[in-house]
Each structure stands twice: as C-alpha cells, then as structure tokens.
Amino acid sequence: MSDDSLLKTPFYDMHVAAGGKMVPFAGYSMPVQYPLGIMKEHTQTREKAGLFDVSHMGQAYIRSKSGDDPALAIEMLMPSALAVLKPGKMRYSVLLNDEGGIEDDLMVTRTFEPEGTLYVVVNAACKDKDYDILEEKLGDKITLEPLDDRALLALQGPKAEEVLASLAPEVAELNFMEATMVTLEGVVCWVSRSGYTGEDGYEISVPADEAPAFAARLLANDNVEWIGLGARDSLRLEAGLCLSGHDFDGTTSPVEASIIFALGKKRRENGDFVGADRILKELAEGAEKVRVGIVPEGRAPAREGTDIADAEGTIVGKVTSGGFGPTFGGPVAMGFVPKAMAAEGTKIQLMIRGKAHGATIAPTPFVPQRYKRKQS
Amino acid sequence: MTKYTEDHEWVEADGDIATIGITDYAQKALGDVVFVELPEVNASYSAGDEVAVVESVKAASEVYAPLDGVITEVNGDLEGDPSLVNTAPTSNGWFFKMKLANTGDLDGLMDEEAYNDFVAGLE
C-alpha cells in the first residue's frame, strides 16, 4: 500500500527492503515496525542498540540578523537558559505561546560557528507551525534556515557508544547533551549524545545523499537493528518523556506538564518570556492539574483518552499516553490529575471500556534512565 | 471441521460447543499480544457482539461473537501468558468456548479454503 501524497525520508527504500510496515505519520510514510516486532525491537534497544530514522523531524539553524547571540531572541519564546549555552552544549526546551502553553518541545544546540548559530530539532508534526511562530514573532531578529537536505538518525542503547566509536572514536568522549562535528566514513556529521528512549545514545545529522550508505554501515554491526515508531513510543513512555500533541498541547503549561526542569533558574527569576505571569504563578502556587506517572494494577493497558477517576468514581482527568511497557513488564501510563491527587502512591481508578481498574500514581521514569552524564 | 469468520476468528465445533480463537493471520497483524480481556462465563451473545478484547503493544482490537450462544468456558491461561495468542493461535491460544444457540449457523461461516481465499484477497 503506498500513498503518493506522503513524503519519504532518504531511508524509505531501506525500510521497505528491511520489511518495515510503513504507515502515514506526520505527513511521512514511516516504519511502525519491522519483522522483529515492537516487543523485540524495544528489547533490542534496551539491551544492544537500535537505529531509528527520525529524518521526519525538523532540523534548522537559527542565526541572528544583527550579529548578536540568536539565543537572546528565542529566549523570549523559550523559558530555558539558552544564551548561556556554550558551543557543543544542548538543552531540551519548549516553544511557548502568549498564554504560557506549550506549542512544541525541542532540542536547542549551540554550534561551533563563531556567530553562535543555534541548531534546533523540532517535532515532525509541528515543524511548519514552529517555523511559522518563530518567523512571525522573531522574524525581525533572526533567520531560520530549515536543513531539508539533512537526514537524522538516532542510535540508542547500551551498545551505541561501541558501535559509533568504531567509526569515530571521538564520539565516546561526548557526555549526555553534548554535540560535536565528526567525520564519519568521510562524511561530515553533526553528532549529539542525546535521544528520546531513556538509553545512552546518539543522534546523527547526516547529509541526505550520504545517509543510506551511512545507515548501512551502522546496520552491518551485529548489535544494530532498525527500530520502528511503535517501539520508539513504548521506549519514550517507559522513560517518562512527553509526546508533543499528546502529553501536552498549546493549552498546557510546562508546570502542568511536569517539565519544570526546562525552566532556567535565572529565567524564572527574571520572568522574561511569554506566558511568564501564568507560569510563575503556577510555580509558586502549584498548577490545578499536573502530569503524573500511573501504574495500572493487573495487565490491562490504559490507552490515551482513558478517563481517570478518584476513589469515589468521579472523573478527574485523562490518560494522555499509555500502553504496555515491555521492559517494565506491565502496563504504564501518564496522564493529568488534580494537584491534590498527584502525590506518589495515591490510588486512582482507570475507566477501561466502562470498567474501573485500580491504579497508583507512580514516579517516572518507569525504567531507570541510563544517560552517560559527565563524571564529576 | 474448523470454520472461519471475516473478522479472522476460527470456530471449532464439537456438537453444540464451539471453541473460538483468532487466526494466525490475525495474530500476525496484531503483533505482540500483551493482554486479553475475556467474557464472563454464562454471558450470552449474539453474532457480531463484541465479546473479548485483545491488546497488542500497539493497540486494542475487539473480538466478536461469531455466532449466537452462551459462554461456557474461557482460557484462563491467557491471563498469565497472553503471548500464547502469538505462539499458538489455533491451539493453546484459544479465547473462549460457546454453547451455540443453533449449530446450523455454522454453515454460514467460511471453510478453510474459503478463508484462505478471503485472506489472499486482502493482501
């Protein structure tokens, strides 16, 4: 089954040849799984290394028109400490609207270009919207250059370092949330130690025309398998990471979404970003509702949209991400509950197909993160 | 003789008691099964009613009653090991047994050859 209106990444033919089950996702034809199946692809990533095609995500450079730091401009829309980013350092941040709601989440990296150019990676489904917002609100201060000629791969898992370092030893030196320019197989790539699975690993931005040959080199290693969108979702869910458009949307603040770590300390003190009134008030007083981790009792997964009820059966919230955690060994979920019910250990009920199932508010991540942080 | 439905269930009748599960084609399409919600014993269903739910890592799918009848037994092994649906869909991975209201209704289902043709037409 093919749909000509869907976009294809540079790896499309490789996915089809590898037996990938292609589905429409954010306007692209993407592999949801390969013959290995979601469960084994998930385990492969936790135990060895998984290769993900994330070329559908938006990559762009942001430069300042006046020659000063472009981070000073985008900090107006992003509440993280970005101006302090040194070359080769990156941060997770959010793109806010005027009401302090999250339009998207993204990675912001300082490149080594002398003018302090920033490299951003945004969600596939949001990239046009994100670029429009940046253009509309900051178009007089910055230029945004989408990198449509670059593919993006994520190599994730405990064997990722060994695999990638066999091609370029210097990548072993990177710590979590650091990036550098590396020549891999004669191809200049932008490599960061980051990802969205909870595992150690890398994201590799590679010129589109060189990308398939490069992926083939990685796949030639016995520790590496292609991993589809299905396992990508179960991996990020177990890691307790938000999915844009599901665990938050334009109405949700960073405080509600429990991603307070994305708010820089100085930035909070200064309140110099859009929606600061609401966000600072919620920081001080707590938000009415907050995102929490949920562990259902029994085996029934609680999917997105499942109603959450209190002990008396009153509906108080909804599951925003949920499914089976292959490494956790049971169902896990995330959703929003009133702040009074957000404490770990609070008993709730999940209304699955009209029947109440017991569940408990639990800490996230559900599976320990294994990032390679700097040894201090 | 085993009969089949267009919803990819198999029905194996012994007198008026039918054992029901999902086909190999169905388990492959679903992927790794992680949970099966089974009906209550003694509950009665009409053909086409939603009677069970099978959840894979990906999504939840309904299983429909292939014929009118009353549930006589459910496969408790699926509670502890839902992956039986993947590894043994037409044997140990059965879902439930039904006492059929009218065994003559079996004639309205597909035989193996017709089901194989039906599946071939989907691909």
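Residues numbered from 1 in each chain as written. Chains lettered and ligands numbered in written order. Predicted model: local features only at pLDDT ≥ 70, side-chain atom pairs only at ≥ 80, totals over all residues. Heavy atoms only, no water.

**Structural notes on the overall build of chain A**
Looking only at helices and strands, chain A features 9 helices and 19 strands. For chain A, whose C-alpha radius of gyration is 21 Å, the value lies close to the compact-globule estimate of 21 Å for 376 residues. Dimensions of chain A, computed from the C-alpha atoms along their principal axes, are close to 65 × 50 × 50 Å. Within chain A, the fraction of its 376 residues that count as buried is 59%. Separation of charge centres in chain A, based on 40 positive and 55 negative side chains, amounts to 5 Å. (Helix = DSSP H or I, 4+ residues; strand = E, 2+ residues; numbered from the N terminus. Rg over C-alpha atoms; globule rule 2.2 N^0.38 Å. Buried < 20%, exposed > 50% of the residue type's maximum accessible area, 1.4 Å probe, protein only. Lys, Arg positive; Asp, Glu negative; His and termini not counted. Charge placed at Lys NZ, Arg CZ, Asp CG, Glu CD.)

**Things to note about the sheet that holds strand 4 (residues 58-64) of chain A**
All names here are of chain A. Pairing in this open sheet of 5 strands is antiparallel, and the strands run 5-6-7-4-8 from one edge to the other. Among the strands making up the open sheet, the edge pair consists of strand 5 (90-96) and strand 8 (142-146). Averaged over neighbouring strand pairs, the angle between their axes works out to 30° when direction is ignored. Alignment of strand 4 against strand 7 (residues 118-122), held across 5 bridges, turns out to be antiparallel. (Pairing = 2+ DSSP bridges. Axes fitted to C-alpha atoms, helices over the stretch in contact; angles between N-to-C directions.)

**Thoughts on the interface of chain B and chain A**
Taken together, the contact pairs 16 residues of chain B with 15 residues of chain A. It is V34, V57 and K58 of chain B that lose the most area in chain B upon contact with chain A, and together they represent 39% of the buried surface on that side. Viewed at the interface, chain A and chain B are joined by 4 salt bridges. Seen at the junction of chain B and chain A, the total is 8 residue pairs in polar contact (both at pLDDT 80 or more). Elements supplying a minimum of two residues to the side of chain B that touches chain A: helix 1 (24-30), strand 4 (33-37) and strand 6 (50-56) of chain B. The element that contributes the greatest number of residues to the side of chain B that touches chain A is strand 6 of chain B, accounting for 4 residues. Looking at the side of chain B that touches chain A residue by residue, the class counts come to 8 nonpolar, 1 polar and 7 charged. (Contact = heavy atoms within 4.5 Å. Buried area = accessible area lost by both parts, 1.4 Å probe. Salt bridge = Lys/Arg side-chain N within 4 Å of Asp/Glu carboxyl O. Polar contact = N/O pair within 3.5 Å; in protein donor to acceptor, adjacent residues only side chain to side chain. Nonpolar A, V, L, I, M, F, W, Y, C, P; charged D, E, K, R; others polar.)

**Observations regarding the side chain of S56 of chain B**
By the secondary structure assignment, S56 of chain B is in strand 6. A polar atom in the side chain of S56 of chain B sits 3.2 Å from the backbone oxygen of L30 of chain B.

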